[in-house]
Amino acid sequence: LPDTMASELHLLRSNREGLGAKIRFVKPFLDRLLQYGEIVQEEYDAIVAKETPQDRARALLDIAETKGRGAFHHFREHLKKVNPELGEVLHRCSQHNKPLKLFCQKCETLLCRDCRSEDHEDHRCESLVAEGDVLRREYTAFKRENRKLLVERRKGAGDCDMEVMRREANDRRKILKERLSAMVDKEYDAFLEQLGDTTQAGSVSSIADSGSAAWSEITSSDQQEHGHSKMLTKEPVFPWYVRVVQYVLSPAVQPPAEAGAAGARAVAVSAGASASAVAYLHMWYKK
């Protein structure tokens, strides 16, 4: 996580001018930062009071750069939510500031085109965008055919069978959706297969097992903290202790409500969470 954050901060600084020019509304970012205690009201008001949108955006970027992991996380996640294309700049190659479009199977690392030509030219690399490009072209063809039929209908409505047009469009829609679904399932299955061969997957599994065994101890601690027993619903597809680990690995995952502060902290610490991540979990359950 620290290495990832360092790379993303480097990309933020490298693309600061472009981000500052394109971020037009800073209040939603500031609202989130204020909500999670990453800034105080005085900082919020000072940024909002700046004269131009560019000045406000630059001040927001200052906050994201200097306030630590929590502030950067909330900035990044909100940017990804409201403007995925702009948020993509934080997921580029930190060395060349270019999109990561390849995966080197030998070195097991993400690459941009420049990385490939410099250090991985003889390695077997998998394209991360080729299938997406094919699907994008097929979606474009789907839209083009729809528009073409609409034009033909307007030119000669009497010669067009609307029911046939609907049926043909629906058939093409189903084919496109099935292809997308098949691609997503294929990638997910490949991910799970590879995950089973990694030590990280083993650690998540072992934590889940140990968390299940220690359930009564953790809930007992949580009951003492809150002064009452928790009523749990049916166990979710991913038990709460697994989702705490998911949060540690990817803070975009929302901590599970049913864990309780004591249980979440215990599992987060055992999963190797940083002090700031544990503190964030504590704040979450104390809200």
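From a predicted model like this one, the values you see are computed outputs, not experimental measurements. (Residues numbered from 1 in each chain as written. Predicted model: local features only at pLDDT ≥ 70, side-chain atom pairs only at ≥ 80, totals over all residues. Heavy atoms only, no water.)

Now for the sheet that holds strand 1 (residues 102-104). Consider a sheet: its strands pair through backbone hydrogen bonds, and that pairing is either parallel or antiparallel. As summarised here, the arrangement of the 3 strands in space is 2-1-3, forming an open sheet in which the pairing is antiparallel. The open sheet is flanked by strand 2 (109-111) and strand 3 (125-127), the only strands paired with a single partner. Each strand of the sheet is rotated relative to its neighbour by a mean of 30°, with strand direction disregarded. Inspection of the sheet shows strand 1 paired to strand 3 by 3 bridges, in the antiparallel sense. (Pairing = 2+ DSSP bridges. Helix = DSSP H or I, 4+ residues; strand = E, 2+ residues; numbered from the N terminus. Axes fitted to C-alpha atoms, helices over the stretch in contact; angles between N-to-C directions.)

Now for helix 6 (residues 69-82). For helix 6, with 14 residues, the first-to-last C-alpha span of 20 Å sits near the 20 Å given by 1.5 Å per residue. Taken together, the buried positions of helix 6 are occupied by Ala71, Phe72, His73, His74, Phe75, Arg76, Glu77, His78 and Leu79. (Expected span 1.5 Å × (residues − 1). Buried < 20%, exposed > 50% of the residue type's maximum accessible area, 1.4 Å probe, protein only.)

Grouped together as the largest cluster of nonpolar side chains are 25 residues, with contacts concentrated most on Leu12, Leu19, Ile23, Leu30, Leu60, Phe75 and Leu79. Looking at this core, the element that brings in the most residues is helix 5 (residues 53-66), giving 6 residues. For Phe75, the residues in contact, after removing those within four places along its chain, are Leu12, Ile23, Phe29, Leu60, Leu61, Ala64 and Leu90. Judged by nonpolar contacts, the second largest core, of 7 residues, contains Leu102, Leu111, Cys115 and Cys125. (Core = buried A, V, L, I, M, F, W, Y, C linked by side-chain atoms within 4.5 Å. Contact = heavy atoms within 4.5 Å.)

Below, the discussion takes up the pattern of salt bridges. Per the counting criterion, the structure on display carries 14 salt bridges. Measuring nitrogen to oxygen at the nearest pair gives 3.2 Å for the salt bridge that ties Glu77 to Lys80. Placement of both Glu77 and Lys80 in helix 6 is noted, with a separation of 3 residues, approximately one turn of the helix. For Glu77, a relative accessible area of 11% gives the class buried. Between Glu88 and Arg92 there is a salt bridge; the shortest N-O distance is 3.4 Å. Relative accessible area serves as the criterion here: at 21%, Arg92 is assigned to the partly exposed category. Taken together, the shared-partner salt bridges connect Glu8, Arg76, Glu77 and Lys80 into one network. (Salt bridge = Lys/Arg side-chain N within 4 Å of Asp/Glu carboxyl O.)

Another point: the confidence of the model for the protein chain. Averaged over all residues, the pLDDT of the protein chain equals 75, while 66% of them reach at least 70. Taken together, the stretch residues 198-255 has pLDDT below 50 and engages in 80 contacts with residues farther than four places along the chain or on a different chain. (pLDDT = per-residue confidence, 0-100.)

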